[in-house]
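Residue-level listing of the chains:
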Amino acid sequence: MTTDARPTRHPYPHAERQDVVEELHGVRVPDPYRWLEEADTAATRRWSAEQDALYAVERAGWPGLERWEAEVAALGAGIRVRTPEVRGGRVFWLRQEPGQEHPVLMVAETAAVGRGAGAGAPAGPAPETALPPAAAGRVLLDPGALDPTGRTVLDAWEPSVEGDLLAYQVSRDGTEDSLLRVIDVATGEVVDGPLDRVRKSSVGWLPGGRAFYYVRRLDPRLHPGEERYHRRVCLHRLGTSPETDAVVFGEGRDRTEFYSVSVTADGRWLGITATLGTGRGTDVHVADLSAAPADRPPLRPVQEGRGAATRLHAVPGTGPADRMWLRTDRGAERGRVVACRPDALERGPDAWEEVVPERPDAVLTHLTVLSGPALAHPLGLVAWTRDTVAEVTLHDLAEGRPVATVPLPGTGAVGDFSASADGHEAWFAYTDFVTPVQILRFDARTHRLTRWDPDGAGAGGASGPAPVTAAGGSAAVGAVTRQVAFPSRDGTTVRMFVISPAGRPDRPRPALLTGYGGFGRTMSPRYRAQVLAWVRAGGVFAWAGLRGGGEEGEAWHRAGSGAHKQNTFDDFSAAADRLVEEGWTEPGRIAIMGGSNGGLLVGAALTQEPGKYAAVVCSSPLLDMVRYERSGLGPSWRPEYGSAQDPARLPVLLGYSPYHRVAPGTAYPAVLLTAADGDTRTDPLHARKMCAALQHATSGPGPVLLRLEQGVGHGDRAASRAAALQAECLAFLASHVGLPAPAPRAGAGPR
């Protein structure tokens, strides 16, 4: 086999190895590149500039880069819409057309269309929310108009109950440090704000639009060096200074806690959820706002102690003796739904009544409560993943019985659920590896599922709903998805999606393996241009569901976190072995890629088994696991990884910390580390230190490169910049596993 891999044509920039050793719990921990933690020193700036120059030279030599760029851009160029939100007489949604760098927020008027009720519903016609076509409406908020450079991102938005006001949050340069403003929907005029020190905060509007609850950090001067923590739930009244906002929750609690807020549309029930950092367990509190002033809500605990992940679901019109619902994994690690009366909250789980039981074969992921005059009983639209594939079912929440299974277009993922104000309609997103996101509408009266068409033809409402057809189009796009199961090192069964041109191991092909395995996150089938670009070029793309994720519930998550993190890396290694054993690929043709926690994953893979992989892309990674808590949002991740300050946990962290496992004289594979200077989650210092360590140590033929991008961060970025990053990563990997660039394409990408 021949590849285009070659040693770097230029020597690596000099990086001084300093004699820095830190002693922790009697263990000496070398850190020769600690000086690279400081981004703004003259030495780091010089070194970074030289890395940029080296990367530019190497990039220019990658064969077919332009064709990779064209393929990724075309495959991602379809019209994209997000799930609509209906408030008052208006509907709001995000829409992105080809050529637009960011989604724009649209708004349009809705209309009530009389229609007979479904079986089991009260007699007589019931109104349905007639949405306009997704191509209709007017632009309410365009990040490109706010900032033509493309560096401003719309982080979050929430319409008021009446739909006449909109709270929105934007940030710049990838920092996710949002500013919150309120605009008049009719005129677009800013009527309040900016409110600073927010970060994608949830917003709970009170009826009338004069006030809302939100989450804001304390003044950073109160806690120097901890400016990204110390959050509080506050009540803001429009027209007043945020400095006078009443703090209603968060005092005296842990500095790393995250909060979310919700208010029922009738303004009666306030719900607050708290998590310790990114831990899965939650504290849940609820307040009856009819019993006290809004700035002094009488909060009562629903669950405390963070022993389980629990979410509150309440609907308008609920009284103290009526039912609320909780989606929880308390006593059910795969999740269940229970009902509870507000006046019995003090009894805790003893007052819970199970209405949707735990399933032994699936994990509960979403609950949407549908309750209104058109329905005889409140219904629960419940989403599950079974072997990582989405299922949706309908349940009677009063009688605690299943009602129907909602047929989905294919083998994929669902999410982004929303419900109409009248309570009998819901919208959600569907996608799979070969199907861009579709927005589906479910009518609980008829149990009918229809599609909201982004082009406007047959889009629902007055023009008639579009039928839901089978997703896929695998033959058309040249990619077939297959799920395989295999044993990990300790015998645990792990599953992986393999996307390939033939749907079977017809011959060994260049393979690209990825995974995540952290924070209880499920690696569900989702449309990504990178996947299809690789497969259409003739490669195999593998997507592994590793321990540490949420594929099999909370026990699966715990089995790959904390002291058990090595299980994640063992699962990933076993996935690579299975690709070879089944004939999908062969040794020397496996590339791996991962980002964020997935960057830690591939960093561990390349340092634990450097001979197994031909090339690695490690994006926005955590790599120094001894000092990860000292930068970015590191302290928030202690529930996931543990702390080096814990004598029992230090040996675990040090044992797999990729930066500390780099050994001089080792033939490491070709490595591309990517990072962004605006990343406030995983600081680019991890990529810088690892790059210097690998460049010093490797005896392998492939280069070790650093791509440091300016003006973006960990999350969303302009479409052209996202496509460029994806294409460069694919071109780098392809050049080291012998995958030719895609053939020149004619025409546009999929719609």
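What counts and how
- Residues numbered from 1 in each chain as written.
- Predicted model: local features only at pLDDT ≥ 70, side-chain atom pairs only at ≥ 80, totals over all residues.
- Heavy atoms only, no water.
- Pairing = 2+ DSSP bridges.
- Helix = DSSP H or I, 4+ residues; strand = E, 2+ residues; numbered from the N terminus.
- Axes fitted to C-alpha atoms, helices over the stretch in contact; angles between N-to-C directions.
- Contact = heavy atoms within 4.5 Å.
- Core = buried A, V, L, I, M, F, W, Y, C linked by side-chain atoms within 4.5 Å.
- Buried < 20%, exposed > 50% of the residue type's maximum accessible area, 1.4 Å probe, protein only.
- Salt bridge = Lys/Arg side-chain N within 4 Å of Asp/Glu carboxyl O.
- Phe/Tyr/Trp six-rings, centres within 6.5 Å; stacked < 30°, edge-to-face > 60°.
- Lys NZ or Arg CZ within 6 Å of the ring centre and 35° of its normal.
- pLDDT = per-residue confidence, 0-100.
- Parallel < 35°, antiparallel > 145°, perpendicular 65-115°, else oblique.
- Left-handed = near helix turned anticlockwise from the far one by under 90°.

Novice: Give a description of the sheet that holds strand β22 (residues 310-313) that names residues and reports values.
Specialist: A sheet is described by the order of its strands in space; here four strands give the open sequence β22-β23-β24-β25, paired in antiparallel fashion. Looking at strand neighbours, the two that pair on one side only are β22 and β25 (353-356), the edges of this open sheet. Sheet twist, expressed as the average angle between the axes of neighbouring strands with direction ignored, equals 35°. Both β22 and strand β23 (residues 324-328) contribute to a ladder of four bridges, which runs antiparallel. Looking at β23, one finds that Arg311 is bridged to Arg327.

Novice: Give me the sheet that holds strand β35 (residues 480-487): which residues, what numbers.
Specialist: The strand order across the open sheet built from eight strands is β35-β36-β38-β37-β39-β40-β41-β42, with neighbouring strands paired in mixed fashion. A strand with exactly one partner marks an edge of an open sheet, and here the two such strands are β35 and β42 (704-709). Geometrically, the sheet is characterised by an average inter-axis angle of 20° between neighbouring strands, direction not taken into account. Here strand β37 (residues 511-515) pairs with strand β39 (residues 590-595) via four bridges, running parallel. Following the sheet pairing, Thr514 is matched in β39 by Met593. Sheet strands touched by helix α1 (residues 42-60): β41 (670-676) and β42. Its angle to β42, the strand with the most contacts, is close to 110°.

Novice: Can you explain the nonpolar core? Please cite residues and give values.
Specialist: Counting residues in each nonpolar core, the largest one holds 114 residues, and the members touching the most others are Trp68, Met496, Leu513, Trp534, Tyr641 and Leu673. No other element matches the ten residues that helix α13 (residues 719-737) contributes to this core. Apart from the residues lying within four places of it in its own chain, the contact partners of Leu673 are Cys618, Leu623, Ala687, Met690, Cys691, Val704, Leu705, Leu706 and Arg707. With 19 residues, the next largest nonpolar core counts Ala383, Val406, Ala426 and Leu449 among its residues.

Novice: Residues and numbers for the pattern of salt bridges, please.
Specialist: Tallying each qualifying case throughout the model produces 71 salt bridges. The closest approach of N and O atoms between Arg268 and Asp288, which form a salt bridge, is 3.0 Å. Of this pair, Arg268 sits in the loop between β18 (257-263) and β19 (269-276) while Asp288 sits in strand β20 (residues 282-288), placing them 20 residues apart in sequence. Using a relative accessible area of 24% as the deciding quantity, one classes Arg268 as partly exposed. Judged by relative accessible area, which is 15%, Asp288 ranks as buried. We note a salt bridge from Asp570 to Arg489, for which the minimum N-O separation is 3.3 Å. Taken together, the residues span a long stretch of sequence, with Asp570 in helix α7 (residues 566-581) and Arg489 in the loop between β35 and β36 (493-500) at a distance of 81 residues. Residue classification places Asp570 among the buried residues on the basis of a relative accessible area of 10%.

Novice: So what about the packing of aromatic side chains? Which residues, and what values?
Specialist: Considering all chains together, one arrives at 15 aromatic pairs under this definition. A network of ring pairs unites the aromatic residues Phe433, Phe497, Phe541 and Trp543 as a single cluster. One residue, Arg231, lies across the ring of Phe258, its end atom 3.8 Å from the ring centre. Taking NZ or CZ as reference, Arg359 lies 4.9 Å from the ring centre of Trp384, over its face.

Novice: Outline the confidence of the model for the chain, listing residues and values.
Specialist: Residues with a pLDDT of 70 or more make up 92% of the chain, whose mean pLDDT is 92. Here residues 112-126 is modelled with pLDDT under 50, and outside its nearest four sequence neighbours on either side it reaches 29 contacts, counting other chains as well. Throughout residues 747-751 the model reports pLDDT below 50, and contacts reaching past four residues in sequence, or to other chains, amount to ten contacts.

Novice: Summarise the packing of helix α2 (residues 65-75) against helix α5 (residues 529-536); cite the residues concerned and give the values.
Specialist: Remark: α2 packs on α5, axes separated minimally by 9 Å, with the N-to-C direction vectors making an angle of 130°. In terms of their interaxial angle, α2 and α5 are classed as oblique. Here the hand of the crossing between α2 and α5 comes out right-handed. On α5, the residues touching Trp68, Glu71, Val72 and Leu75 of α2 are Ala529, Leu532, Ala533, Trp534 and Arg536.

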